[in-house]
Each structure stands twice: as structure tokens, then as C-alpha cells.
Amino acid sequence: MALLQEPTDNIPVETGFDDPVYESQIVFRKILKVMSEPGTIKKIKNKLSAPAPMMKATAAVCLTLMDFQTKVWLDLPRDSEVSKYLKFHTGLRIVEHSSEADFVVFFSAPDELPPLNLGTDENPETAATVIIQTQSLDDTKKLKLTGPGIKKSRFLNAENIPTSLWDHRGKANSLFPKGIDIILTSSEKLSALPRTTKIKMIKTEKG
Amino acid sequence: MTAISGEQKKSSRLKEKTLDGYNFAYLDDQTKRMIRRATLKAVAIPGYQVPFGSREMPLPFGWGTGGIQVTASIIGIDDTLKVIDQGADDTTNAVNIRRFFAKTAGVETTENTSDASIIQTRHRIPEAKLKSDQIIVYQVPIPEPLRWIEPREEETRKMHALTEYGVMHVGLYENIAHFGKVTTSYNYPVQVNDHYVMSPSPIPKFDNPKMDEMPALQLFGAGREKRIYAVPPYTKVKSLDFEDHPFEIESWSECCALCGSSSSFLDEVITDDKGSRMFVCSDSNFCANRRAKGHKGPGLPRKFEIKDIE
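Predicted model only: the values in this text are computed from it and were never measured.

Now for the interface of chain B and chain A. Residue-level contacts link 45 residues of chain B with 42 residues of chain A. For the pairing of chain B and chain A, the buried interface totals around 3600 Å² over both sides, and the portion due to carbon and sulfur atoms is 61%. Run the count over chain B and chain A and you get 5 salt bridges. A:K33 serves as the salt-bridge partner of B:D133, at 2.5 Å between the closest nitrogen and oxygen. In this assembly, chain B and chain A are joined by 17 residue pairs in polar contact (both at pLDDT 80 or more). Those elements that place two or more of their residues in the side of chain B that touches chain A are α1 (2–17), α2 (29–44), β1 (50–51), α3 (65–74) and α5 (153–161) of chain B.

In C-alpha cells form, the structure reads like this:
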């Protein structure tokens, strides 16, 4: 009933999952796959629509993992179309400070990560999951990944993510078991870099 | 257009095949999301036990409620499920859990290890090598390997955080001092990715080497103790040991009485009250596949003889 009393401009025109139970399971399995085999890329095939600048894969991940129990910080204003969309479809709690959030979503990759919850040595699972939306995701040899979930090594290229962010991530993850787990999204694509994955930058001609 | 109609077909198949009045795969979606978030963190921190809000299931704790909750949260209509109990597909626990998911999730079930996309297991890893894209879900009674040594949760958490595992080696050392060898034969502790010491659930130590660099994802669910943990594919899993007492697995002088295999884990079956016995594969599917290919074992149990007890 409360929903009906909400002003109508809080109801987004963009649609979520058609069949949330069935579709969120499929999306979750893709997230599980990329999280357990870091650097692999999966494609989201659901036909949901999301308000700009939110891409399809980002929306699918948010709708699958977030609900009223999750605290979320977005790099967008609180009254943005995206927060309206997510609030309507998931009931998540948007927080003021990035350090309080369970999920932190970047619609444009920052140079450095803001203060984040890295968990504690005794409870490392409380650390934030960072979702970063990028221009493109492919297996060009830009980042060489090693660690659990990777047989020998795997390559990944996430466009428009500054080198400083990877350095920052490396520093945070040197505190293992504390650390941050990253989900990368780009249009319909999805990949992940859990805290255990080691990243080596491959030098190109440009340096 | 074809993609959309495909989706719709699946959606209607879902409604058709699942039990009326129940959620898909029994659990409500809110619970699944909570378990899914815990599972992702478990995967990101290999071997670490993530606490989760374990629900009451339609069977008592100790019957695989942890494994069932994990399976229910990951399973989809396109999955093929295999469930084993001590290696066998045809025991009460396995049959019932398989039927539970066939009813509530409408999934295909199989006894064939290589056909399954999800394998839920109680206390064994199948003999057939698991592949990439398969997920094995273990039912875990007691997830904390340090619990017998340190009863306080606060302390065991600190020990895990600091990789302070000396006491585990002391335990193994005492075993060697008493018996000349490590006598732990199941639930043999392992160290995952050089950090967390983890209980592999009560699988025989025979199965421990299979966990190392396994191409399949391994998920562990403990319902009563409310913990989920995981080992991603291709992750180092090392059984604790000493340089001069390296880890060893069991071996048998007999072979399987039915299929003649001398490389699988064997169960001893007492066949009468005069001490006759036979050894058979614990993995029923592995044994059946071998027999279908024409392999034969020595068959009937041998008669008990006085020299057997000498």
C-alpha cells in the first residue's frame, strides 16, 4: 500500500527482470563463474532496461545481489534516475559514506578508491564489493592475472580504468584476508577480480 | 524474437514442472540472495568460513541442510543434479535430496558423474575426474577444523586471521608419537591457497588429493553451524603433514569384488556372521560404469579362515 502512496515520479519507467526468480538465478551463476574464475568474461542476455548511465550488466548484477539488507553507495547523486531505479526494484539502502557500504558502484572508474570497508582480519567477508562500469571488457593482453581460479594465468583488459586504481587495489589487498572484491561490467559483459587475484600490468609501446 | 520465445518457453516449463505452492527450489528469493552474497564472499576468500543465516529446512540439521541450502541458491532449471551419500547414488539421503530438487526445482537428475552440472555430496568426492563448469557442493557437519582444539569462536577466528596453525601440527605430531603415523583417516585438515586451514568435511583422506587444483568449483555448506566456504577451481589445497611424515592416502590389498578396480576407494561389506567379507567400490556410479564396460571382480566373498585373524 505504501508503494501506491509514493509520488509517481519515484517510479522508474525502466524495467527490471521479467521473471526475477528465474532470471536472477541465471545472472547469479554468471557472477559466481566470473568470481570463481577471475578474468573470464560472461554475457548477460536478459532484456531489462536501465536508466543512463547504468549499463545492462551493471543493472543485472545490482538487481541480483541487492535488497533491503544491503547498504549501497553510488558515485551519483541520491536523487539520480539510477538510485530511483535501484530503490524501486531492490529496496536497497543508499548510504552517504562509501565506507559504510556493502556494495560500492562506480559508473565511471575513479583514479583512486574512496574510503572503503575492507573488513577485519577476523571477519574479512564484511568487506565491500566494488562494481565498476567500464567502456569495454576483453581479453587483450593488458592485465595478466594469476591466483586462485586461474590455471597458470589469464589476460584481461578493462578500458578506461586508470593504473592508479589497480595500484590502490593492490595496496588494499596486501592486507589479506582484508581486501576488496571487484566486479567489472561493460554493456552486457561481466568479469570479476576477487581480492586473491594478483594483477601484473603488461607494458605496451606507449609505456 | 527467437531468444524471447525461448525465454518464455523456459518460464512456462518452470511453472509446469515444479511443485505447486512452493518457491522455485524451495527457498524464498530473499534467503537465496543472502546465501548468494555469502557464497560470493566465500569464493573470494578461499577456505574462509562465511557466516550465513541458515534457514530451517524440511529435514533435521545433520541431514545435509547446509548443502541443500547452497544447492537451492545456485540451482536453475537447466541444471542436472547428482546427489551422493558416501559415494552411493542409491542411499536414503541421496535419493531424497535428489527427489526434493526434482520436485521443487523441476531439474533433471542423473547418477552419471560426467552428466551432472551440480553434484551434492555427503562425505565423498566421485572417482571420475570433475570438469570445469561443474560445481560440487559438500554437506558439512562441523566446518571449524580448530574446534576440537579451541572451543572459543573468538579465538579460532584470530587463529585463522593470523594463520596461527601450530596447534594443528601438534595434534598430528601427538598422533605420530602415539602410533608411529597419522591415524586421522577422514576429515583430514587441509590448507587452502597457503592461508586458511579448512575442514574438507568428513571425506576419507583418500579424496584429499582430488581437491588440489580441481577444475570444478567446490562449495561447502554447514546448516547447523551456519557457515559457507569455498575453494575456487585451480586452487592449491594441501593436506597438513611433516617433511619426514608426508601425507599418505589409504590403500587396499584387495580389489573391488564387483568391478575389480584397484584404484578406487573401497568399502568393506560383512556378508555373514562368520566373518566373510567383500570389498566394493564406495562410488556406485564408477563401479556400475566399469561393470558396463565388461570389467569383473572376483565376485562372491571369500570364506573366513583362521589365518585371517593371525
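This part takes up the sheet that holds strand β5 (residues 129–133) of chain A. Residues and elements named next belong to chain A. Strand order in the open sheet formed by 7 strands is β1-β9-β8-β5-β4-β2-β3, with mixed pairing between adjacent strands. Two strands close off the open sheet at either side, each with one partner strand: β1 (42–43) and β3 (93–94). Bridge count between β5 and strand β8 (residues 181–186): 5 bridges; the pairing is parallel. In the sheet register, I131 faces β8, and the bridge partner there is I183. Against the sheet, helix α5 (residues 163–173) contacts β5, β8 and β9 (189–193), and its axis sits at roughly 155 degrees relative to β8.

In this section: the environment of B:V83. Residues and elements named next belong to chain B. Residue placement: V83 occurs in strand β2 (residues 80–85). With relative accessibility at 1%, the residue V83 sits in the buried group. The spatial distance from the C-alpha of V83 to the C-alpha of I136 is 9.6 Å, given a sequence separation of 53 residues. Other than its neighbours up to four places away in sequence, V83 contacts A88, D89, A94, I97, R98 and Q120.

All names here are of chain B. Per the counting criterion, the structure on display carries 27 salt bridges over all chains. The partner of R98 in a salt bridge is E111, and the shortest N-O contact between them spans 3.9 Å. Here the residue R98 occupies a position in helix α4 (residues 92–104), and E111 occupies one in the loop between β3 (108–109) and β4 (118–122), the gap between them amounting to 13 residues. Judged by its relative accessible area of 11%, R98 is buried. By relative accessible area, which is 42% here, E111 ends up partly exposed. A salt bridge links E153 to R157; the nearest nitrogen and oxygen atoms lie 3.1 Å apart.

What follows covers the pairing of β4(B). All names here are of chain B. With 4 of 5 residues buried, β4 is to be regarded as a mostly interior element. As defined by bridge partners, β2 adjoins β4 across 5 bridges and the pair is classed as parallel. Paired with L81 across the strands is I118, a residue of β4.

A cluster of nonpolar side chains, contributed by B:W148, B:I149 and B:V167, occupies part of the molecular surface with about 340 Å² of accessible area. Within the secondary structure, B:I149 is located in the loop between β5 (135–139) and α5.

All names here are of chain B. With mixed pairing, the 7 strands of this open sheet are ordered in space as β1-β9-β8-β5-β4-β2-β3. The open sheet terminates on both sides in strands that have one partner only, identified here as β1 and β3. Examined bridge by bridge, β4 and β5 share 4 bridges and lie parallel to one another. Pairing of T121 across the sheet is with Y138, part of β5. In the packing of α4 onto the sheet, the strands contacted are β2, β3, β4 and β5, and the crossing angle to β2 comes to about 160 degrees.

Attention now goes to the nonpolar core. Membership of the largest hydrophobic core comes to 78 residues, with the highest contact counts inside it found for A:L86 and B:F101. By size, the runner-up hydrophobic cluster in this structure holds 25 residues, among which are A:V95, A:A101, A:I161 and A:I180.

Note on helix geometry: an α-helix contains 3.6 residues per turn, so any two residues three or four positions apart are oriented the same way. All names here are of chain B. Taking 1.5 Å as the rise per residue, helix α6 (residues 166–179) with 14 residues should run 20 Å; its terminal C-alpha atoms sit 20 Å apart, in good agreement. Against the buried residues of α6 lie β7 (196–198). Taken from the residues just after α6, G180 is the one with a positive phi, measuring 85 degrees.

What counts and how
- Residues numbered from 1 in each chain as written.
- Chains lettered and ligands numbered in written order.
- Predicted model: local features only at pLDDT ≥ 70, side-chain atom pairs only at ≥ 80, totals over all residues.
- Heavy atoms only, no water.
- Contact = heavy atoms within 4.5 Å.
- Buried area = accessible area lost by both parts, 1.4 Å probe.
- Salt bridge = Lys/Arg side-chain N within 4 Å of Asp/Glu carboxyl O.
- Polar contact = N/O pair within 3.5 Å; in protein donor to acceptor, adjacent residues only side chain to side chain.
- Helix = DSSP H or I, 4+ residues; strand = E, 2+ residues; numbered from the N terminus.
- Pairing = 2+ DSSP bridges.
- Axes fitted to C-alpha atoms, helices over the stretch in contact; angles between N-to-C directions.
- Buried < 20%, exposed > 50% of the residue type's maximum accessible area, 1.4 Å probe, protein only.
- Patch = residues over 30% accessible without salt bridge, like charges linked within 9 Å, V, L, I, M, F, W, Y side chains within 5 Å.
- Areas by Shrake-Rupley, 256 points an atom, 1.4 Å probe, with all protein chains shown as cover.
- Core = buried A, V, L, I, M, F, W, Y, C linked by side-chain atoms within 4.5 Å.
- Expected span 1.5 Å × (residues − 1).

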